[in-house]
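# Structural overview
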Amino acid sequence: MKSYRSGPATERIEHRAFTLDDCESFYHLNSHPEVMRYTGEPPLRSLMDARRAIADYPDFETVGFGRWACVLKDTGAVIGFCGLKYLPELEEVDVGFRFFPEYWGQGIATETCSACIAFGFEVLKLDRILGLVLTENKASIRVLEKCGLTQNGEVTYDGERALKYEIIRAARGGA
Ligand SMILES: CC(C)(COP(=O)(O)OP(=O)(O)OC[C@H]1O[C@@H](n2cnc3c(N)ncnc32)[C@H](O)[C@@H]1OP(=O)(O)O)[C@@H](O)C(=O)NCCC(=O)NCCS
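Residues numbered from 1 in each chain as written. Predicted model: local features only at pLDDT ≥ 70, side-chain atom pairs only at ≥ 80, totals over all residues. Heavy atoms only, no water.

### Describing the packing of helix H1 (residues 23-31) against helix H3 (residues 47-55)
Note the cut-off: Lines fitted to C-alpha atoms define the axes here, with helix axes fitted over just the stretch in contact, and angles between the N-to-C directions of these axes take values from 0 to 180 degrees. Secondary structure counts use DSSP, requiring at least four H or I residues in a row for a helix and at least two E residues in a row for a strand, with both numbered from the N terminus. Here is the rule for angles: anything less than 35 degrees is roughly parallel, anything more than 145 is roughly antiparallel, 65 through 115 is roughly perpendicular, and the remaining ranges are oblique. Note on contacts: a residue pair qualifies if any of its non-hydrogen atoms lie within 4.5 Å across the two residues.
Between H1 and H3, the least distance of the axes is 9 Å, while the angle of their chain directions is 110 degrees. Classified by the interaxial angle, the pair formed by H1 and H3 is roughly perpendicular. Residues Cys23, Glu24, Phe26 and Tyr27 of H1 form the contact with H3, whose own contacting residues are Leu47, Ala50, Arg51, Ala53 and Ile54.

Given below as structure tokens:
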């Protein structure tokens, strides 16, 4: 199995695996109340938690892909994450994204999410990609819709009821 520690590059963003050097930005992102509000995940409580989360992230070794750090090409700053995650409970892959608020509203999530979906279909040869989102998360729903996902029911994931969005490879014209 090939391990894709680097993901797609877009006009503004490079995708790569988080390393322990990203500990501080990873911590600030994943403990920011506005960022975490509709994610259904508890915020990180310490830099130590962030170190552990990065060090113990197995996905690149176990399935070959995962959530990538999004690096703004202009500055080299880590401004969030975007990527594909295998969900063993559902035996599906979902696309997820999260950015610092100062970067919201510039089309960055749409740019990274659509690049990750293309990577999933063209490189990883996935048949379907999901987007799981809480009903209240209107911005995220909008991003998924702009990337071509459509709602297909609901799902319980991590004990939370979420809307299930999906995009099928065949429906994209055989990419
Ligand atoms: C969701 C998130 C990634 C969007 O990032 P972004 O870079 O601002 O997204 P984009 O600029 O590509 O697109 C956002 C779209 O949502 C729309 N939007 C923003 N807030 C909205 C709201 N409250 N209601 C409806 N639409 C909204 C924007 O107008 C834009 O749509 P448009 O291009 O048609 O105008 C960002 O808000 C974030 O990091 N949120 C916190 C983490 C999170 O919830 N992640 C998703 C978990 S499923």
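### Some words on H1
Applicable threshold: For each residue, the accessible area found with a 1.4 Å probe, counting protein chains only, is set against the maximum for its type, and the residue is called buried under 20%, exposed over 50%, and partly exposed in between. Directions pointing from the helix axis toward each C-beta atom define the arc.
For H1, the full list of buried residues reads Cys23, Phe26, Tyr27, Leu29 and Asn30. The arc enclosing the buried residues of H1, seen along the axis, measures out at 165 degrees, which places them on a common side. Buried residues in H1 make contact with helix H2 (33-36), H3, strand E4 (78-87) and strand E5 (92-99).

### Side note on helix H6 (residues 138-146)
Taken together, the buried positions of H6 are occupied by Ser140, Ile141, Val143 and Leu144. When H6 is viewed along its axis, its buried side chains cluster within an angular range of 160 degrees and face the same direction. Exposed residues pointing more than 90 degrees away from the buried face of H6 are listed as Lys138 and Ala139. Where H6 is buried, its residues contact E5, helix H5 (108-122), strand E6 (128-133) and strand E8 (160-168).

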